[in-house]
Every structure is written in structure tokens, then in C-alpha cells.
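# Understanding the architecture of this molecule
Single-letter residue listing:
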Amino acid sequence: MKVPLLDLKQQYRQIKEDVLAVTRDIYDSQYFILGPHVERLEHHIAAYCQCNHALGVSSGSDALIIALMAAGVKAGDAVITTPYTFFATAGAIVRLGARPLFVDIEPDSYNLSPQRLRQCVEALSDEEQRKVKAIIPVHLYGQCCDMQPILDLAAQYRLTVIEDAAQAIGAEYRGRRAGSMGAYGCFSFFPSKNLGAFGDGGIVTVQNETDHQKLKVLRNHGAEPKYYHHLVGGNFRLDALQAAIVDVKLTHLDTWTNMRQTNAARYHQLFTEAGLNEAVTLPQTTQNRHIYNQFVIRVQTRRDELRQYLTAAGVGTEIYYPVPLHLQACFADLGYRQGDFPVSEAAARQTLALPIYPELTVSQQTFVVDCIRAFIEG
Ligand SMILES: *Cc1c(COP(=O)(O)O)cnc(C)c1O
């Protein structure tokens with residue numbers, strides 16, 4: 001049996017007619033950059049994420065860069081984040097000439113540890129503390145960080161909170177949606193995200209109207225009005241085709257999220273029935289609405305062999321992420337070493353993402369768990 005990690009063709013079949021209709025209108029109009037489709041999506045996403053504003057941008061990576069720019073992060077500053085995330089989180093900080101200050105994660109949620117965050121900030125000298133401008137908590141795999149202590153610390157030290165919600169659209173922490181808790185929320189429409197475009201795209205949610213206006217100007221090379229520049233921005237624009245397609249998909253998002261949650265509950269049941277609860281650690285839902293962009297299991301040993309076994313059996317898996325960011329070659333000059341963030345390093349060795357996409361069938365899930373049992377029982 002073939003069980004791909006993700007099968008977007010099945011999703012496309014459900015929305016094909018709507019997508020073709022809306023894109024045909026855009027071809028006829030020959031109006032491609034920003035415009036009414038982007039504005040409509042911005043309104044819909046702001047409402048969906050319980051935010052005051054949203055601004056469509058070129059990707060999730062650019063969402064992080066433009067939010068950091070709007071927050072005033074510049075060369076020589078420092079920004080706190082997790083080493084256990086997609087590269088773009090730290091890449092955006094370094095692109096602005098700032099320095100990522102890594103803080104280890106919690107072993108159950110894989111999200112930034114609020115305790116370690118406080119320890120890190122309190123251990124800084126006054127001079128180092130002054131350089132820290134922002135915190136980027138990442139809501140990894142679709143589950144929110146434990147935000148209250150992070151927000152409290154940020155308020156105490158006057159740090160801007162930029163949520164990396166690329167994997168977490170619609171996730172909730174104590175009834176609050178991802179992207180609505182910090183000053184900015186950064187989302188990605190990369191096709192493998194829960195709300196994916198037909199190419200690259202992203203969006204920034206923002207609470208404050210002044211920040212919203214600044215983002216808008218930065219998105220278009222800092223021009224305000226056209227051809228007059230008080231700021232240096234970039235081309236961070238979202239195009240109409242991607243916005244219109246994402247807007248079609250947004251109407252299905254809650255249904256798809258429910259299906260992912262159902263699949264996650266079914267994995268829990270199947271792993272329990274297979275007697276694998278000791279051997280395999282399943283995702284723990286410590287915060288309240290997990291949207292399961294990924295379903296990530298943990299095994300203490302032989303993770304890579306398990307992955308090879310599943311690949312040979314036709315089951316798609318992925319390792320998010322095999323190298324924590326503090327050990328990436330391009331960040332060697334930051335001076336971090338193996339052993340600095342043991343929880344992240346263990347996660348990088350032990351975790352494996354299984355298929356969780358909405359259209360996954362019961363028999364496919366049963367097959368995945370049967371394969372894992374066969375591997376573990378040798
Ligand atoms: C996908 C992702 C990004 C980057 O988004 P792109 O649209 O691919 O640029 C940033 N952060 C995290 C956590 C992501 O998963």
C-alpha cells in the first residue's frame with residue numbers, strides 16, 4: 001500500500017472548479033499584483049486569526065523578514081528564538097544583520113521553553129540585554145507555544161513578540177488564535193502548510209494600525225507615495241492568483257483541520273491497540289487547539305532505520321528537523337556547540353513525521369501503524 005506523506009491532488013479535486021473559475025477571472029483582468037483579491041484575503045485571514053489586520057506577502061520567510069524590519073530590528077541587535085525550527089526563522093534574523101540567541105525547547109511540545117527563556121534573558125549582561133529587541137516563538141507542527149509566560153517576559157523587558165505561525169494557522173492557546181498574541185504573526189502559504197497556495201506566498205497579521213501601515217510601505221520597497229522613499233523595504237508582495245486560490249481554500253480549512261484532528265486521534269487509538277505506547281512517543285497536546293500540520297512521533301533509538309523501513313514499505317515520512325539550527329554550518333560563527341541545547345538535539349535524532357493529511361484513510365493509517373509494529377517487533 002502506498003501512503004504518501006502528503007497528497008495535494010486529492011485536495012485539488014475538491015476545489016478544482018472554484019479555483020479554475022476565480023483564476024480565469026484574474027487571467028481575463030490581467031491584474032496580477034496585489035489588488036482586490038489580496039485585500040479580500042487579508043480581511044478574511046485577519047478575521048480568521050482574530051487579528052486587527054493582515055498583509056499578504058511573498059512567502060512565510062518574507063513575512064518574518066518584513067515583521068522584523070517593521071519591529072526595527074537592525075544590524076548588531078539580537079533576537080531570541082528556538083534552534084528547533086525551519087531554517088527561515090533564524091535565517092530572517094541573520095539576513096537583517098542581527099544575531100539569533102537560541103533557547104532550548106520543551107521535550108513534549110517541541111516549542112520554546114518559557115523557563116529557559118527567562119533564564120537566558122536574566123543571565124545576560126546589561127549591555128547584552130539592551131541588544132535584544134524581539135522574541136520569535138515558533139508554534140511548531142501546529143501547536144501553540146505556552147505563550148503567557150513568553151508574553152509576560154516580553155512585556156517586562158520591552159521585547160517585540162513576532163509569532164512564527166507558519167505551521168499553525170487556526171491553532172489556539174487558551175482560546176486565542178496563533179498570530180493574535182504577539183505584535184506580529186507570520187504565516188506561510190507554502191503548499192505543504194495547512195493552508196497552501198499554488199506556489200509561494202505568506203501573510204503577516206498585525207494588531208496595531210501604525211505597524212500595519214509600516215508593513216504596507218515596506219512591502220513595496222518603502223515607497224510612500226509611489227517613487228518617494230523614507231524607508232528601504234523590498235518586493236514582498238503577494239500576487240492576486242495566489243491570494244484568490246488561498247481564499248478559496250480558506251473556506252475549507254476548518255473541515256480539513258477537523259479531519260487532521262480525527263486522524264491524530266485515530267493514530268493514538270491505533271498505537272494504543274498495537275501496544276506501542278511505550279516504544280513510540282506520540283504528540284502531546286499541551287495547548288488547546290492543535291491543527292496538526294505535522295504528526296510527529298519520537299523513538300528513542302533506530303529512528304533512521306525505522307524511516308528506511310517505512311520508505312521501503314511505501315510509507316512517506318520526513319524528519320523535521322535533522323540538524324538543529326545552532327549546529328548549522330552557516331551559523332558556526334555564532335559560537336554554539338554540540339550539547340548547548342540537548343532537548344533540541346535529542347529531538348533532531350529521535351523524531352519522525354508520519355502522514356496526517358486530511359484525506360488519509362483508516363486503512364492507510366492502520367497500515368502505517370502495522371509497519372511500525374512490524375519494525376519494532378523485529
Ligand atoms: C514554512 C515555514 C517558514 C517559511 O515559510 P515559506 O513560505 O516556505 O517561506 C517559516 N517558519 C516555519 C516554522 C515554517 O514551517
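Residues numbered from 1 in each chain as written. Predicted model: local features only at pLDDT ≥ 70, side-chain atom pairs only at ≥ 80, totals over all residues. Heavy atoms only, no water.

## Describing the sheet that holds strand β1 (residues 53-57)
Applied cut-off: Each pair of strands is called paired provided DSSP finds at least two bridges between the two strands. A helix here means a DSSP run of H or I that spans at least four residues, while a strand means a run of E at least two residues long, and both kinds are numbered starting from the N terminus. Every angle, taken between N-to-C directions, lies between 0 and 180 degrees, and every axis is a line fitted to C-alpha atoms, over only the stretch in contact when it is a helix. Any pair of residues with heavy atoms lying within 4.5 Å of one another is described as a contacting pair.
Taking strand neighbours across the sheet as the criterion, the seven strands line up as β1-β9-β8-β5-β4-β2-β3 in an open arrangement whose pairing is mixed. Looking at strand neighbours, the two that pair on one side only are β1 and β3 (99-102), the edges of this open sheet. Between one strand axis and the next, the sheet turns through 25° on average, direction left out of account. The strands that helix α2 (residues 36-48) touches are β1 and β9 (202-206); relative to β1, the one it contacts most, it runs at about 130°.

## Observations regarding the site of the ligand
The test is simple: One heavy atom within 4 Å of a molecule or strand makes the whole residue count as near it. For this analysis, a polar contact is any N or O atom pair within 3.5 Å, provided that within protein one partner can donate a hydrogen and the other can accept it, and provided that sequence-adjacent residues contribute only side-chain to side-chain pairs. Throughout, the ten residues Ala, Val, Leu, Ile, Met, Phe, Trp, Tyr, Cys and Pro are labelled nonpolar, Asp, Glu, Lys and Arg are labelled charged, and all others, Gly among them, are labelled polar.
Taken together, 16 residues are adjacent to the ligand, and G60, S61, Q167, S188 and K193 come closest. Note that a nitrogen atom of the ligand is positioned 2.8 Å from one of the side-chain N or O atoms of D164. Broken down by secondary-structure element, the contributors of at least two residues to the shell around the ligand are α3 (60-70) and α4 (87-95). Looking at the shell around the ligand element by element, the count peaks at three residues for α3. Grouping the amino acids of the shell around the ligand by side-chain chemistry returns six nonpolar, eight polar and two charged.

## With respect to the nonpolar core
Applicable threshold: Note on terminology: a nonpolar core comprises buried Ala, Val, Leu, Ile, Met, Phe, Trp, Tyr and Cys residues joined through side-chain atoms within 4.5 Å. Here the term buried applies to any residue with accessible area under 20% of the maximum for its type, exposed to any over 50%, and partly exposed to those in between, with areas from a 1.4 Å probe on protein chains only. Domain start and end points were adopted from an automatic or database domain assignment.
Core analysis: the biggest nonpolar cluster contains 54 residues, and I45, L117, I135 and F189 have the highest contact counts within it. A domain-level breakdown of this core finds at least three residues from each of domain 1 (8-250) and domain 2 (253-376). In contact with I45, not counting residues within four places along its chain, are A54, I169, F189, L195, I203, T205 and L250.

## A short note on the domain arrangement of the protein chain
Using the following cut-off: Take the accessible area each of two parts loses on contact, using a 1.4 Å probe, and add the two losses: that sum is the buried area.
Split into domains, the protein chain comes out as domain 1 (8-250) and domain 2 (253-376). For domain 1 versus domain 2, the distance between C-alpha centres works out to 24 Å. At the junction of the two partners, domain 1 supplies 50 residues and domain 2 supplies 35 residues. A buried area of about 3,800 Å², summed over both sides, lies between domain 1 and domain 2, and 55% of it is on carbon and sulfur atoms. Counting the surface domain 1 buries against domain 2, the share from its top three residues, Y84, Y141 and N194, is 19%. Linking domain 1 with domain 2 are 28 residue pairs in polar contact (both at pLDDT 80 or more). If you list the elements that add at least two residues to the side of domain 1 that touches domain 2, you get α1 (8-29), α4, β3, β6 (172-173) and α9 (240-250). For the side of domain 1 that touches domain 2, the class distribution of residues is 25 nonpolar, 14 polar and eleven charged.

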